[in-house]
Amino acid sequence: MKTNGYTFAELNGKEELIEEIRSLESKLQEQTGEPITLIAYEKSGPGTENGHD
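Residues numbered from 1 in each chain as written. Predicted model: local features only at pLDDT ≥ 70, side-chain atom pairs only at ≥ 80, totals over all residues. Heavy atoms only, no water.

Draft legend 1. A look at the side chain of Glu25. Within the secondary structure, Glu25 is located in helix H1 (residues 15–32). The side chain of Glu25 is buried and forms no salt bridge, while Arg22, the nearest opposite charge, is found at 5.7 Å. (Helix = DSSP H or I, 4+ residues; strand = E, 2+ residues; numbered from the N terminus. Buried < 20%, exposed > 50% of the residue type's maximum accessible area, 1.4 Å probe, protein only. Lys, Arg positive; Asp, Glu negative; His and termini not counted. Salt bridge = Lys/Arg side-chain N within 4 Å of Asp/Glu carboxyl O.)

This is the structure:
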């Protein structure tokens, strides 16, 4: 899977956002009957490796 232009989103210290992602994973699993994992990416800015200066 290519992720050109994207890096993993920095969610350290953002527990509320992480809990929202986990909640949505659970909801999707209930609806599909399949395990679902959501992965947070952020778009990298030009000239930066991970979008952060």
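Draft legend 2. Structural detail: a nonpolar patch on the surface. A cluster of nonpolar side chains, namely Tyr6, Phe8, Ile39 and Tyr41, defines an oily patch on the protein surface of about 440 Å² accessible area. Tyr6 sits in the partly exposed class, given a relative accessible area of 40%. (Patch = residues over 30% accessible without salt bridge, like charges linked within 9 Å, V, L, I, M, F, W, Y side chains within 5 Å. Areas by Shrake-Rupley, 256 points an atom, 1.4 Å probe, with all protein chains shown as cover.)

Draft legend 3. The arrangement of a negative patch on the surface in detail. Together, Glu15, Glu16, Glu19 and Glu20 give the surface a local cluster of negative charge. Counting through the fold element by element, Glu19 comes out in helix H1. (Charge placed at Lys NZ, Arg CZ, Asp CG, Glu CD.)

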